[in-house]
Amino acid sequence: MKAQAAAEVQATPEVTLALVGPAAEATAQAALNRFEAAIQSVLDAPLDAARVLEWTRLRAVGVIS
């Protein structure tokens with residue numbers, strides 16, 4: 001039995017590989033946009049010392065328990 005190699009296909013940035021339908025792709029893109037906005041808001045806002053202290057306390061209790 002002889003195997004044959006598949007023909008080489010060049011992918012370009014203009015080509016979109018979609019494994020899901022347009023509605024699912026739109027939902028995923030909207031979720032990605034919300035995630036990026038949330039991360040950007042965290043980066044733009046200074047840390048609240050009280051919230052950091054509370055998180056640290058809760059984390060320490062979680063590790064001990």
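As a reminder, the structure under discussion sits directly above these lines.
What you are looking at is a predicted structure, and each value in this text was computed from that prediction instead of being measured.

(A) Structural view of the overall build of the protein chain. Looking only at helices and strands, one finds two helices and zero strands in the protein chain. Of all 65 residues assigned to the protein chain, the portion counted as buried reaches 0%. On the protein chain, roughly 6,500 Å² of surface is accessible, and the fraction owed to carbon and sulfur atoms is 65%.

(B) Spatial organisation of a nonpolar patch on the surface. A contiguous nonpolar surface patch, about 400 Å² in accessible area, is contributed by Leu32, Phe35, Ile39 and Leu43. As for its position among the elements, Leu32 is in helix α1 (residues 22-44). In this structure Leu32 comes out as partly exposed when scored by relative accessible area, which is 38%.

Rules of the game
Residues numbered from 1 in each chain as written. Predicted model: local features only at pLDDT ≥ 70, side-chain atom pairs only at ≥ 80, totals over all residues. Heavy atoms only, no water. Helix = DSSP H or I, 4+ residues; strand = E, 2+ residues; numbered from the N terminus. Buried < 20%, exposed > 50% of the residue type's maximum accessible area, 1.4 Å probe, protein only. Areas by Shrake-Rupley, 256 points an atom, 1.4 Å probe, with all protein chains shown as cover. Patch = residues over 30% accessible without salt bridge, like charges linked within 9 Å, V, L, I, M, F, W, Y side chains within 5 Å. Salt bridge = Lys/Arg side-chain N within 4 Å of Asp/Glu carboxyl O.

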